[in-house]
Amino acid sequence: MKYTYTIEMDNEQGMRCRVAVAFHADSFKRFAGFTSIHSDVPIYDEDLAHLEQFVAQAKDKWVVTRPLSSTITNNEH
């Protein structure tokens with residue numbers, strides 16, 4: 001499944017940043033890799049090294065991303 005999550009964290013230079021991530025996880029919510037990472041301020045290698053851990057610790061706050069096709073209803077008869 002694909003999930004999204006937004007976290008506020010300090011980057012390695014001590015700047016507060018808001019990071020929005022999209023990622024895959026299995027049905028047991030085991031993290032399987034990022035598909036996108038967006039931050040309002042720069043994040044660095046050291047920040048990325050910890051980001052997966054921060055996301056994994058917040059499993060109860062993940063939001064399921066539904067495929068577009070599942071949200072469209074077909075009104076054709």
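Brief notes about the packing of aromatic side chains
- One pass over the full model with this rule turns up six aromatic pairs.
- Summarising the aromatic geometry, the rings of Tyr3 and Phe23 are spaced 5.9 Å apart at their centres and angled 20° between planes, so their arrangement reads as stacked. Remark: Phe23 occurs in strand S2 (residues 16-25) and Tyr3 occurs in strand S1 (residues 2-10); sequence separation between them is 20 residues. For the pair Tyr3 and Phe23, one class covers both residues: buried.
- Taking the centre distance of 4.8 Å and the plane angle of 65° together, the rings of Phe31 and Phe34 count as edge-to-face.
- In this structure Phe34 comes out as partly exposed when scored by relative accessible area, which is 27%.
- One aromatic cluster is present, built from ring pairs that chain together Tyr3, Phe23, Phe31, Phe34 and Trp62.

Let's talk about the pattern of salt bridges
- Under the criterion given, the structure shown has four salt bridges.
- Asp10 serves as the salt-bridge partner of Arg16, at 3.1 Å between the closest nitrogen and oxygen.
- The partner of Arg30 in a salt bridge is Asp26, with the nearest N and O atoms 2.6 Å apart.
- Judged by its relative accessible area of 24%, Asp26 is partly exposed.
- In this structure, a network of salt bridges that share partners links the residues Glu8, Asp10, Arg16 and Arg18.

Analysis parameters
Residues numbered from 1 in each chain as written. Predicted model: local features only at pLDDT ≥ 70, side-chain atom pairs only at ≥ 80, totals over all residues. Heavy atoms only, no water. Phe/Tyr/Trp six-rings, centres within 6.5 Å; stacked < 30°, edge-to-face > 60°. Helix = DSSP H or I, 4+ residues; strand = E, 2+ residues; numbered from the N terminus. Buried < 20%, exposed > 50% of the residue type's maximum accessible area, 1.4 Å probe, protein only. Salt bridge = Lys/Arg side-chain N within 4 Å of Asp/Glu carboxyl O.

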